[in-house]
Structures are given as C-alpha cells and as structure tokens.
Amino acid sequence: MSCCHVKWSEKQLLRKLIIKKEGKMELTGSSYEGPTLNSRMEGEGEYTFPSETKYIGQMKDGMFHGAGVLHFPNGSKYEATWENGIATQGAFTFADGLPYQEKDWDYCDGNDRRFYTERCNGLRPAGESQLTDLHPPRVIPDGCYDCGDGFYDPTTRIITSYDGAFLRTADDSEHEWIVRTCRVAEDPIPESFLEEVSCVFNLGGEEEDETENENETNITINTVEPPNL
C-alpha cells in the first residue's frame, strides 16, 4: 500500500509540473496565451492588458522575465530585458519608427521642427506642407482633438484609439495639454454664411468682372506720362 501510494503521489506531482504548451488565462480583464508551470506563466508567451497593450516575450514564475517587448495600441513599442517583472534596461521606439534617445536628442528641438517622416523622406513640395507626421493627416471627428495615440473628446474627457476602442480618461493636466497643443477638428463653415458672403462680395458674379474692368480703366486714365527729357 505504501509503495502504491508513493507512486501515485509521484504521478500527481508530475502532472503539476508538466508545462502546458497551449493555454489561456484571464484575470481582471487581462489575458494570457502561452505555456504555464504550476498554473503560472512560464516560457515564451503573450500577455494582453485591458488597455490592449501587449507583452510578447519570456516569462518566469508568472512574471515578465528575460527578453520581451511591450507593444502599445498606437504602434509604439518598448523592447527590454526584464527581471522578475521589472525592466532593467530597454529602448522605446515611437510608432513612426523614431527611436528615443536619452542623450543627444536632436528631434523636434528649437533648431529642427521637421516631422520624423520628413527627416526620413524629405520635405514635400511647396503648398503641400505636412500638418502631422502622417500624411495625409487623419480626419478628426467634429469637436475632438488628435492627441497622438487617439482622438480626445473634451466634453466627455475620453480618449479613444483611432479605431474607436477606449484608451483612458484624461485628467486635468492632460486635458489642458491636449486643448493647448493638439490639432483640433476644423469647424465646418455653414452654407448660410457662405451664401451671405457670396451676396456681399458677389463671388463669381458678372458684376465683379465689370467692376474689375472699371478699375482697370480708371488705372489707365489716371496714369501720368513721364516727362520727356
């Protein structure tokens, strides 16, 4: 009996130590796909936060451990070496491919205001200047701002991704910064206003052409011939 009991305990122990090759765990809105050991994340896996930020890399004992990359919803990423869930060293890259530098940062300073895509691809022809790093720029919903990683509605203070997913609620500091610095949707000009302007200035009318002809005539009549020397 004792021998059988020992063998059965070993089998149970082995079952607990078997690493699952495929598995999924959901907790507080997050999800995990990858291997587990003792019901903890272990090995190469993919962990997705409720904000849709995604970690892809190595795990150990339920924590980020080893080489791994955080992919953010706006397309930027943070590649790092992790130790027990803490990044010991890493590098951040913006969505357009611009790598962040802690030292000797020369992008978008007082001497160079070009977008990163302009630095990579050159300036556009005159009259086709870029408004944003993305060209042509995104169409902003009415009453909203483009805050870089999504659209901001100042009435609700909610920031949504460009595909409509909820990202976060802006606090007072972020609200002030977005309203002060970010690009806002252009208010459409009412047709009634355009009609009034057209009537006042007779835009595109025949009388305008006659007025221009009269002005040209007056200019000709009032021209003074230079004296003969």
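Up top you'll find the structure we're talking about.
Draft legend 1. Representation of the nonpolar core in the model. Counting residues in hydrophobic clusters, the biggest one holds 9 residues: Y32, M41, Y47, Y55, M59, F64, L70, A80 and W82. Breaking this core down by element, the ones donating at least two residues are β6 (54-60), β7 (63-71) and β8 (77-83). Listed in part, the 8 residues of the second largest apolar core include Y152, I159, L167 and A170.

Draft legend 2. Region of interest: the packing of aromatic side chains. A full pass over the atoms with the stated rule returns 10 aromatic pairs. An angle of 90 degrees between the planes, with centres 6.4 Å apart, marks the rings of F49 and F64 as edge-to-face. On the criterion of sequence distance, the pair formed by F49 in the loop between β5 (43-48) and β6 and F64 in strand β7 is long-range, its members being 15 residues apart. Taking the relative accessible area as the measure of exposure, F49 reaches 30% and is therefore partly exposed. Owing to a relative accessible area of 11%, F64 belongs among the buried residues under this scheme.

Draft legend 3. Broad picture of a nonpolar patch on the surface. A cluster of nonpolar residues, F94, Y100 and W105, forms a patch on the protein surface that exposes about 290 Å² of accessible area. Relative accessible area serves as the criterion here: at 44%, Y100 is assigned to the partly exposed category.

Draft legend 4. How the structure looks around the sheet that holds strand β11 (residues 151-153). What the 5 strands build is an open sheet, ordered β13-β12-β11-β10-β14; its pairing is antiparallel. Of all strands in the sheet, those with a lone pairing partner are β13 (166-169) and β14 (183-184), marking the two edges. Where strand β10 (residues 145-146) and β14 come together, 2 bridges link them in antiparallel fashion. Looking at β14, one finds that Y145 is bridged to V184.

Draft legend 5. Structural context of the environment of D96. As for its placement among the helices and strands, D96 is situated in the loop between β9 (86-93) and α2 (116-121). Each C-alpha atom of the pair D96 and T117 lies 7.4 Å from the other, and the pair is 21 residues apart in sequence. Among the polar contacts made by the side chain of D96, one reaches the main-chain amide nitrogen of L98 at a distance of 3.1 Å.

Conventions adopted
The numbers attached to residues start from 1 for each chain and follow its sequence in the written order. Confidence filtering applies because this is a predicted model: local features only for residues at pLDDT of at least 70, side-chain atom pairs given and counted only at 80 or more, and all residues used for totals across whole chains, interfaces and linings. Side-chain numbers here rest on the full set of heavy atoms in the structure, without hydrogens or water. Nine residue types can take part in a nonpolar core, namely buried Ala, Val, Leu, Ile, Met, Phe, Trp, Tyr and Cys, and a core is a set of them joined through side-chain atoms within 4.5 Å. Relative accessibility decides the category of a residue: with a 1.4 Å probe and only protein chains considered, values under 20% of the type maximum give buried, values over 50% give exposed, and everything between is partly exposed. Strands are runs of DSSP state E lasting at least 2 residues, helices are runs of H or I lasting at least 4, and numbering of each runs from the N terminus. Side-chain rings of Phe, Tyr and Trp, where Trp is taken by its six-membered ring, are said to pair if the distance between their centres is within 6.5 Å; with planes under 30 degrees apart they count as stacked, over 60 as edge-to-face, and otherwise as tilted. The residues that make up patches have over 30% relative accessible area and no salt bridge, and they are joined within 9 Å when like-charged or within 5 Å when they are Val, Leu, Ile, Met, Phe, Trp or Tyr. Note that accessible areas follow from Shrake-Rupley with a 1.4 Å probe, and for residues the cover is restricted to the protein chains shown. Any carboxyl oxygen of Asp or Glu that lies within 4 Å of a side-chain nitrogen of Lys or Arg is treated as forming a salt bridge with it. Paired strands, in this sense, are two strands between which DSSP finds at least two bridges. Any N or O atom pair separated by 3.5 Å or less is treated as a polar contact, with the protein-specific requirement of one donor-capable and one acceptor-capable atom, and with residues adjacent in sequence counted only for side-chain atom pairs.

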